[in-house]
Amino acid sequence: MYNIFLWFRPTDTNIRGKVVLISGASSGIREFLAYEYAKREAFLVIVARREERLEKSCRKTRGIGSPDVLIICGDVSDFNDCRRFIDEAINHFGLLDHLVNNAGIGNIFMVNEGIEINKFAPVMDINFWGSIYPTHFAIPHLKKTEGTMIVNASNAGCFNMPRSGFYNLRIIYVYMYISCLNLKASKSAVTSFYESLRAELGPEINITIVTLGYVESEMTLGKQMSKECEMKHNQEIKDVSIKSTIQL
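Residues numbered from 1 in each chain as written. Predicted model: local features only at pLDDT ≥ 70, side-chain atom pairs only at ≥ 80, totals over all residues. Heavy atoms only, no water.

1. Quick word on the nonpolar core
Of all hydrophobic cores here, the largest spans 38 residues; its most connected members are Leu-21, Val-45, Met-149 and Tyr-194. Within the residue set of this core, elements represented by two or more residues are strand E1 (19–23), strand E2 (43–48), strand E3 (69–73), helix H4 (79–93), helix H5 (121–145), strand E5 (148–152), helix H7 (186–201) and strand E6 (206–210). For this core, the element with the most residues is H5, which contributes 10 residues. Discounting residues that sit within four places of it in the chain, Val-45 has contacts with Val-19, Val-20, Leu-21, Ile-22, Leu-70, Ile-72, Ala-89 and Phe-93. Residues Ala-34, Ala-38, Ile-46 and Val-100 belong to the second largest nonpolar core, which totals 20 residues. (Core = buried A, V, L, I, M, F, W, Y, C linked by side-chain atoms within 4.5 Å. Buried < 20%, exposed > 50% of the residue type's maximum accessible area, 1.4 Å probe, protein only. Helix = DSSP H or I, 4+ residues; strand = E, 2+ residues; numbered from the N terminus. Contact = heavy atoms within 4.5 Å.)

Printed below as a string of structure tokens:
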């Protein structure tokens, strides 16, 4: 994790004094990314659902260099929640320079295992819409600062691994007209969306799409969505995830 900022490095390297909003900042890549921004003296808005984890991250980011940290409890899969936390960030700091979309969940199961398929909408809601909603509300503010948008698409959108169908599904999930996009599922959808958005926004907003490989996090250590549509830690899931990554 120590060099995670090298992968997320934005085009404007002078981070000091920038206002940065990071979603899902209570754990994993996004937590450590907040620490890297803090070391570079950025103002931070950290968003996640777990308030106690956010408070812990807030104390650490302040301690290592961030001049001001705003914590907001929010759900990226909720349209109105995303509007709210972008508005709160603007009301507090007056502007927004960087938006980092990095919230996500995973699942490890076979599609033909007799699951109730409609229960797994949260994977799309968080991994795809959880980036699109904040982006929608942040664009006007990022245009004003000629800011940067960073999204973690994961290399799962490039590789097809067994049991991760909803996480990196490459077939068309549903067709919807959004900036002339075919809406795909989860991480491959994220890549497609932001590649198109980059063409739309041109030089007004810089867009960085990150496709990281295996990184130690709650997800890779076994926290995945189960067939019962609950977030659980499971050793078997952890082993499958690591084995699949090694085989790549």
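More follows now that the structure is in view.
2. Quick notes on the packing of aromatic side chains
Tallied over the entire structure, the rule returns eight aromatic pairs. Between Phe-79 and Tyr-133 the ring centres are 5.3 Å apart and the planes differ by 90°, which places this aromatic pair in the edge-to-face class. Highlighted residues: Phe-79 in helix H4 and Tyr-133 in helix H5, separated in sequence by 54 residues. The exposure class assigned to Phe-79 is partly exposed, which follows from its relative accessible area of 35%. (Phe/Tyr/Trp six-rings, centres within 6.5 Å; stacked < 30°, edge-to-face > 60°.)

3. A short note on the pairing of E5
Counting buried positions along E5 yields five of five residues, so the element is predominantly enclosed. Here E5 shows two buried faces, one formed by Thr-148, Ile-150 and Asn-152 and the other by Met-149 and Val-151. For strand E4 (residues 98–101) and E5, the ladder comprises four bridges, and the chain directions are parallel. Paired with Leu-99 across the bridge in E5 is Met-149. (Pairing = 2+ DSSP bridges.)

4. So, the sheet that holds E1
Spatially, E3-E2-E1-E4-E5-E6 is the arrangement adopted by the six strands of the open sheet, whose pairing is parallel. Every other strand in the sheet has two partners, leaving E3 and E6 as the edge strands with one partner each. Pairs of neighbouring strands in the sheet enclose a mean axial angle of 15°, with direction left out of account. As paired elements, E1 and E4 share three bridges and run parallel to each other. Opposite Ile-22, over in E4, you have Val-100 as the bridge partner. Helix H3 (residues 51–63) contacts E2 and E3 of the sheet and is inclined by roughly 170° relative to E3. On top of the sheet, H4 reaches E1, E2 and E3; it is set at about 160° to E3, its chief contact. (Axes fitted to C-alpha atoms, helices over the stretch in contact; angles between N-to-C directions.)

5. Comments concerning the pattern of salt bridges
Applying the stated criterion across every chain, the model contains eight salt bridges. For Glu-88, the salt bridge identified is with Arg-84, shortest N-O distance 3.0 Å. Of this pair, Glu-88 and Arg-84 both sit in helix H4, four residues apart, roughly one helical turn. Where Arg-198 meets Glu-195, a salt bridge forms, and the shortest distance between an N and an O atom there is 2.9 Å. Residue Arg-198 and its partner Glu-195 are located together in helix H7, separated by three residues, close to a single helical turn. Each of Glu-36, Lys-39 and Arg-40 takes part in a single network of salt bridges with overlapping partners. (Salt bridge = Lys/Arg side-chain N within 4 Å of Asp/Glu carboxyl O.)

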